[in-house]
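# A structural walkthrough
Take a look at the letters that make up each chain.
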Amino acid sequence: MTGSQRPSGGSAAATLRAAVGLLTVQATVVALIVAFLVYKDFTARAASLRDAMIVTGFAALIAVLLGVLALALARRRAWARGPAVVMELMLLPIGWYMVSGGLAWLGVPVFALGLLGAGLLIAPATREALGVQ
């Protein structure tokens, strides 16, 4: 079976549904942050509008990527699992940096969400639901 084929029969595992939900929430939160950044890009005094637009564009790219991965996993596309795990693991250094910088109240939940998302995606039930051997 190729990575893009759906497994035959059965309903999606609870872990897969939870991972899709988490990715969807993350995509939504990042999209809201992008909206805020666009507002700030045009209303705040920036040292460099170009740099501000680059940050906004990067955040928008992340929001789109999270959304695409959530949609692909909801459709049981096995190829999306690996990139989704990488996206979740990218939260770990961000959370660690926040904790070490004195923002533990924000860094610990970010770190925990990264671990939770990666754990849901590598769970045996998720693998089985996606038909990954």
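The text that follows walks through the structure, step by step, so that each part is easy to find. Numbering of residues starts from 1 in each chain and follows the order in which that chain's sequence is written. With the structure being a predicted model, the display of local features is reserved for residues of pLDDT at least 70 and the display and counting of side-chain atom pairs for 80 or more, all residues being used for whole-chain, interface and lining totals. As a rule here, side-chain values come from all non-hydrogen atoms in the structure, and water together with hydrogens is ignored.

### Let's talk about unusual backbone geometry
One non-glycine residue, Arg 76, adopts positive backbone phi at about 60°. Note on exposure labels: buried denotes an accessible area under 20% of the residue type's maximum, exposed denotes more than 50%, and partly exposed covers the range between, all computed with a 1.4 Å probe on protein chains only. Of the residues examined, Arg 76 reaches a relative accessible area of 13% and is grouped as buried.

### Details of the packing of helix α2 (residues 49–74) against helix α3 (residues 81–89)
Where α2 meets α3, the closest approach of the two axes is 10 Å, and the angle between their N-to-C directions is 135°. The pairing of α2 with α3 is recorded here as oblique in orientation. Helix-helix and strand crossings are classified by hand; for α2 and α3 the assignment is left-handed. Contact residues: α2 offers Ile 62, Leu 65, Leu 66, Leu 69 and Leu 73, while α3 offers Arg 81, Pro 83, Ala 84 and Met 87. Looking at the contact of α2 with α3 residue by residue, the classes come out as eight nonpolar, no polar and one charged. Each axis is a line fitted through C-alpha atoms, taken for helices only over the stretch in contact, and angles between the N-to-C directions span 0 to 180 degrees. Only DSSP runs of H or I reaching four residues or more are called helices, and only runs of E reaching two or more are called strands; each is numbered from the N terminus. In what follows, roughly perpendicular refers to angles from 65 to 115 degrees, roughly parallel to angles under 35, roughly antiparallel to angles over 145, and oblique to any angle outside these ranges. Throughout, a crossing is termed right-handed when the near helix is turned clockwise from the far one, and left-handed when it is turned anticlockwise from it by less than a right angle. Note on contacts: a residue pair qualifies if any of its non-hydrogen atoms lie within 4.5 Å across the two residues. Amino acid classes used here: Ala, Val, Leu, Ile, Met, Phe, Trp, Tyr, Cys and Pro are nonpolar; Asp, Glu, Lys and Arg are charged; the rest, including Gly, are polar.

### Here's the deal with the layout of surface pockets
We place a 1 Å grid over just the protein atoms. Points where a 1.4 Å probe fits but has no way out form a cavity, open points with protein on both sides within 12 Å along at least 5 of 7 lines form a pocket, and any residue with an atom within 4 Å of a point lines it. Grid points are joined across faces, edges and corners, and a volume is the space filled by probe spheres set on the points. Counted as a void, the largest pocket has a volume near 670 Å³. Val 30, Ile 33, Ile 62, Leu 91 and Ile 94 are the residues nearest the centre of the largest pocket, which is lined by 20 residues in total. When residues of the lining of the largest pocket are traced back to their parent elements, those giving at least two are α1 (14–43), α2, α3, α4 (91–100) and α5 (104–122). In terms of residue count, α1 provides more of the lining of the largest pocket than any other element does, seven residues in total. Class assignment of the residues belonging to the lining of the largest pocket gives a composition of 18 nonpolar, one polar and one charged.

### Observations regarding the packing of α1 against α2
Packed helices, taken two at a time, are described by the angle their axes make and the gap between the axes. Contact geometry of α1 with α2 gives a least axis separation of 8 Å together with a crossing angle of 160°. Our classification of the angle between α1 and α2 gives roughly antiparallel. Judged by the sense of rotation from one axis to the other, the crossing of α1 with α2 is left-handed. The class makeup of the residues in the contact of α1 with α2 is 23 nonpolar, four polar and one charged.

### Let's talk about the side chain of Thr 126
Among the secondary structure elements, Thr 126 is positioned in helix α6 (residues 124–130). Ignoring any residue separated from it by four or fewer positions in sequence, one finds Thr 126 in contact with Ala 13, Thr 15, Leu 16, Leu 120 and Leu 121.

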